[in-house]
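Coordinate analysis (summary)
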Amino acid sequence: MRAPARRTAAAVTVLALLLTGCWSAGDGRDADGTIRLRFQSLAWQKESVDANKQLVKEWNAAHPGVQVDYVQGSWDNVHDQLLTSFEGGEAPDIIHDASDDLADFAYGGYLTDLRPLLPDRLKADIPERSWRTTTFGGGIYGVPFLQEPRVLIANTKLLKASGARIPTPQAPWSWAEFRDVTKELTDEGRHGVAWPLREPVSVTLNLGLSGGGQLFHRTADGKAELRFEKGDEVVTGTIRDQVNSDRSAARTALGMGGSDALPGFFGGRYAMLPLGFAYRQQVVEQAPEGFAWTVLPAPAGSGGLAQGVSPQTLSVAEDSPHKEEAVAFIDFLLRPPNMVRLARGDWMLPTGTTALAHPSLHTAEHGWATGTALAQHLRPAPAQTVRGYPEWKDKVATPALQEYYSGAIDRGELRKRLVDDGNRVLARYQR
């Protein structure tokens, strides 16, 4: 009895859309010929959502013939949601995602190769190292526009009382010095550091570059393979020793996300937190009145301050009938003043060199200057273009690293699982 009602409702809806001029034909045009693009944004913080919606409003006011509809997406389920929309022919024209989520979509033919469409201004303004994060098989399948270094957020009072040297981007702590400082900061009822490692893989891989680690390598024939070498032991070994030998890192934090650890930080149970740069917004909003905190660079090793990043990206669906217009909107969204607005709204760093030079991103307030100084050291995440990485991360690396950091397995077992089990996973994707 419900099917006729649904058909009647659908007919009424179609008629209403036609009468209001909002009906979009199969070629992405309204009844009056206006091109209509759908922009799916993953912005979630109020400042970021507001910035995105305001820029869409400004575009629409200036481009009556090409209107953009803002669609709210979510980081929580974006991969599965996009895959479903691609396979169902319902993908948005303009897609907000992260570079480490693009490989399967790019190789699967779901995204547009942007090389012939990108304006020269945009190509020149974003450094080549950032473009590498969205380059797959020679094509460019996304525009990287926001990036986030990992930093140390420290309790200023406790840090000063310890007498420790205050690190700067020009003179950071070494990993050994960082370990010593966390010992000094540990006291009755307080740990020197808390590592929120509910999702340990990206933290381990990206910070691992500073210790000279890489883990993922390319063979002569271009295939990816895993090797756990001396440089890969620096960050993994430091975290394990802080938790199990020094007791300077809170064991209970290993199962937490970044937000979960903030109450303990504010309460003085942890002196420092290694977090993504964007967490500063939550610190500003949630810190008790009078709580003093500072932003420090992550430790450096043989790789210097190098870190891996997976920038946020904007892509165009291969099925979009208006690719040139979609890229024109992306170009508008990422003009330097607009990129600054997006970066400040998300409390992250822009990839564009012009936007990155904006004075508002070089102030001492809330650690902006420290983060901006790290931008030149950011590199593509080690597994950026590796097919099979999601399966390796979920089925192999996450449980292995969780057990290693908790002390349940030793380094030899960690190496065996990451490398031997991991290479079997990658082999299935590279036949």
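Rules used throughout
- Residues numbered from 1 in each chain as written.
- Predicted model: local features only at pLDDT ≥ 70, side-chain atom pairs only at ≥ 80, totals over all residues.
- Heavy atoms only, no water.
- Helix = DSSP H or I, 4+ residues; strand = E, 2+ residues; numbered from the N terminus.
- Polar contact = N/O pair within 3.5 Å; in protein donor to acceptor, adjacent residues only side chain to side chain.
- Contact = heavy atoms within 4.5 Å.
- Pairing = 2+ DSSP bridges.
- Axes fitted to C-alpha atoms, helices over the stretch in contact; angles between N-to-C directions.
- pLDDT = per-residue confidence, 0-100.
- Phe/Tyr/Trp six-rings, centres within 6.5 Å; stacked < 30°, edge-to-face > 60°.
- Lys NZ or Arg CZ within 6 Å of the ring centre and 35° of its normal.
- 1 Å grid on protein atoms, 1.4 Å probe; cavity = no way out; pocket = protein on both sides within 12 Å on 5 of 7 lines; lining within 4 Å.
- Points joined across faces, edges and corners; volume = space filled by probe spheres on them.
- Nonpolar A, V, L, I, M, F, W, Y, C, P; charged D, E, K, R; others polar.

1. Thoughts on the side chain of Ser248
- The residue Ser248 is located in the loop between helix 10 (232–244) and helix 11 (258–266) in this model.
- There is a polar contact of 3.3 Å between the side chain of Ser248 and the side chain of Thr182.
- Excluding residues within four positions of it along the chain, Ser248 makes contact with Thr182, Lys183, Thr186, His191, Gly192, Val193 and Gln242.

2. A look at the sheet that holds strand 6 (residues 143–147)
- Pairing is mixed across the open sheet formed by six strands, whose spatial order is 2-1-3-13-6-14. Every other strand in the sheet has two partners, leaving strand 2 (66–72) and strand 14 (349–350) as the edge strands with one partner each.
- Relative to strand 13 (residues 312–316), strand 3 (residues 94–98) runs antiparallel, the two being bridged by five bridges. Along strand 13, the bridge assignment pairs His96 with Leu314.
- Strands strand 1 (35–41) and strand 2 of the sheet are contacted by helix 2 (residues 46–62), whose axis makes an angle of about 165 degrees with strand 2.
- Along the sheet, helix 13 (residues 323–333) contacts strand 1, strand 2, strand 3, strand 6 and strand 13; its crossing angle with strand 13, the most-contacted strand, is approximately 155 degrees.

3. Here we look at the confidence of the model for the protein
- The predicted model of the protein has a mean per-residue pLDDT of 92, with 94% of residues at 70 or higher.
- Low pLDDT, under 50, characterises residues 1–25; the stretch is placed with twelve contacts to residues that sit more than four places away or in other chains.

4. Considerations on the packing of aromatic side chains
- Under the definition given, this model contains 22 aromatic pairs.
- Following the ring pairs from residue to residue traces out a cluster consisting of Phe39, Trp59, Tyr70, Phe329 and Phe332.
- The ring of Phe277 carries Arg280 above its face, with NZ or CZ at 3.6 Å from the centroid.
- Of note, Arg280 hangs over the ring of Trp368, and the distance from its end group to the ring centre comes to 4.1 Å.

5. Things to note about empty space enclosed by the protein
- Tallying each qualifying case throughout the model produces three cavities of 30 Å³ or more.
- Looking at the largest cavity, its volume works out to about 140 Å³.
- What lines the largest cavity is a set of 16 residues, among which Thr204, Leu205, Leu215, Asp232 and Thr236 lie closest to the centre.
- Elements with a minimum of two residues in the lining of the largest cavity: helix 9 (200–208), helix 10 and helix 17 (389–406).
- A breakdown of the residues in the lining of the largest cavity according to their chemical character gives nine nonpolar, six polar and one charged.
- There is about 50 Å³ of room inside the second largest cavity.
- Surrounding the second largest cavity, Phe39, Ala43, Ser48, Asn52, His96, Phe145, Leu146, Gln312, Leu314, Leu333, Leu342 and Asp346 form its lining.
- Secondary structure elements with two or more residues in the lining of the second largest cavity: helix 2, strand 6, strand 13 and helix 14 (336–346).
- Broken down by class, the residue content of the lining of the second largest cavity amounts to seven nonpolar, four polar and one charged.

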